[in-house]
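# Results of the structural survey
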Amino acid sequence: MQSKIVITNDFDALKNSLETEFGINNLRFFISEDFLLENAHEIVKEAYIAESSEKLLVVMAKNYRIEAQNSLLKIIEEPPRNVSFLIAATSKNLLLQTIRSRMICQNLLKTKPRPPLDINLAQLDIAEIYNFLARIENDERSDKIGKNELKELISNIIVKALELGFKFSQDELEYFYSLVRLAELNAKSPQLLTPLLLVILQKGRP
C-alpha cells in the first residue's frame, strides 16, 4: 500500500473499489462532510494502534479544515509501521500544498477544459476588478452562478495566475485555498473574489 491523494466525485465507488482491492479488514474509513481537528485526532489515534498486517486509513470529506490538515502532516510524513493513508477529495485545491507535496495524487475525475476567464489578470487594475465583480454580482442575482460555479471560478483564477507566472508565498496559497472552502459555505462572491484579486494586483505584472 502507498499513501496517496485521490481526486473523485464518487466516494461510494471509491469505497467499494478499495474494499474489493484490499479487503475490509485492512481498511479504516473516516467519512465526514467537514474534516475537523477532532477527526484528525481520531485518525492519529487509529494510526498508532499496532497491526501485524498492512492497514490503510481512508479519509473522505467534502471540506478540509486547515488546522485539521496541519495536524496530520507529521504522521503522513513519518507513518507508523504497516500504516498508509488515502485522502479522497473532490478537488486538490481543497488540500494544502504541504499535504499534496507529501503524497502522490491520482485524479479519477474526467478532465474537462476550464472555461475562459472574463478578466485579464495580466493587465489587472482597479477598474478591471470593479467591472469583473459587477458582472459576477449580476450573474448571482440571475442565479447563473451558485457555490459550485464560484468555487470553480476561484480555482480557475488561482490556476491562471500561476500559469501567467505570478509568484505567491505559502501563506498566500493557503489563504487562496481557504477561499475555495468558504465558497462551499455559501459566502458571497465579493467577499471571496475581492481579496483574491487584490492580492494578485499587488503582485504587479508577471
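This section reports on the structure supplied with the text. For every chain, the first residue of the written sequence is number 1, and numbering continues from 1 along that sequence. Given that this is a predicted model, residues contribute local features only at a pLDDT of at least 70 and side-chain atom pairs are listed and counted only at 80 or more, while totals for whole chains, interfaces and linings are drawn from all residues. In computing side-chain values, all of the structure's heavy atoms are included and hydrogens and water are not.

### Some remarks on the packing of aromatic side chains
Two aromatic rings from Phe, Tyr or Trp, using only the six-membered ring of Trp, form a pair when their centres are within 6.5 Å; if the ring planes differ by under 30 degrees the pair is stacked, by over 60 it is edge-to-face, and anything between is tilted. Under the defined criterion, the tally for this structure stands at four aromatic pairs. Chaining the aromatic ring pairs together yields one cluster made of Phe166, Phe168, Tyr175 and Phe176. Only lysine NZ and arginine CZ atoms are considered, and such an atom sits over a ring when it is within 6 Å of the ring centre and within 35 degrees of the ring normal. Above the face of the Phe29 ring, Lys15 is positioned so that its terminal group lies 4.8 Å from the ring centre.

### Description of the environment of Arg135
With respect to the secondary-structure elements, Arg135 resides in helix α5 (residues 126-141). Spatially, the C-alpha atoms of Arg135 and Lys188 are 14 Å apart, while their sequence positions differ by 53 residues. To qualify as a helix, a DSSP run of H or I must reach at least 4 residues; to qualify as a strand, a run of E must reach at least 2; elements of each kind are numbered from the N terminus.

### Looking at the side chain of Ser155
Here Ser155 lies in helix α6 (residues 147-164). Accessibility expressed as a relative area gives 11% for Ser155, which makes it buried. Distance and chemistry together define a polar contact, namely a pair of N or O atoms within 3.5 Å, with one atom able to donate a hydrogen and the other to accept it when in protein, and with adjacent residues in sequence counting only for side-chain atoms on both sides. Polar contacts involving the side chain of Ser155 include one to the side chain of Asn93, which spans 3.2 Å. Throughout, exposure labels follow a simple rule: accessible area from a 1.4 Å probe, protein chains only, divided by the maximum for the residue type, with under 20% read as buried, over 50% as exposed, and the rest as partly exposed.

### Re α5
What a helix is expected to span follows from its residue count: subtract one and scale by 1.5 Å. For α5, spanning 16 residues, the distance from its first C-alpha to its last is 23 Å, which sits close to the expected 22 Å at 1.5 Å a residue. Within the span of α5, buried status applies to Ile129, Phe132, Leu133 and Ile136. An end-on view of α5 places all buried positions within 100 degrees of arc, on one side of the element. Opposite the buried face of α5, by more than 90 degrees, sit the exposed residues Tyr130 and Arg141. Close packing links the buried residues of α5 with α6 and α8 (189-203). Working note: the arc is built from the helix axis to C-beta atom directions. We call two residues in contact whenever any of their non-hydrogen atoms come within 4.5 Å of each other.

### Structural notes on unusual backbone geometry
Look at Asn82: it is not a glycine, yet its phi comes out positive at around 70 degrees. With respect to the element layout, Asn82 can be found in the loop between α3 (66-77) and β4 (83-89). Positioned with a positive phi, Asn186 is a non-glycine residue whose angle comes to about 70 degrees. Note that Asn186 resides in the loop between α7 (170-184) and α8. You can call Asn186 exposed: its relative accessible area is 52%.

### Here we look at the pairing of strand β1 (residues 4-7)
Bridge count between β1 and β4: four bridges; the pairing is parallel. Directly across from Val6, in β4, lies its bridge partner Ala88. Strands are treated as partners if at least two bridges between them are detected by DSSP. Of the strand pairs in this sheet, β1 and strand β5 (residues 104-107) are connected by four bridges, and their pairing is parallel. Residue pairing across strands places Val6 opposite Gln106, the latter belonging to β5.

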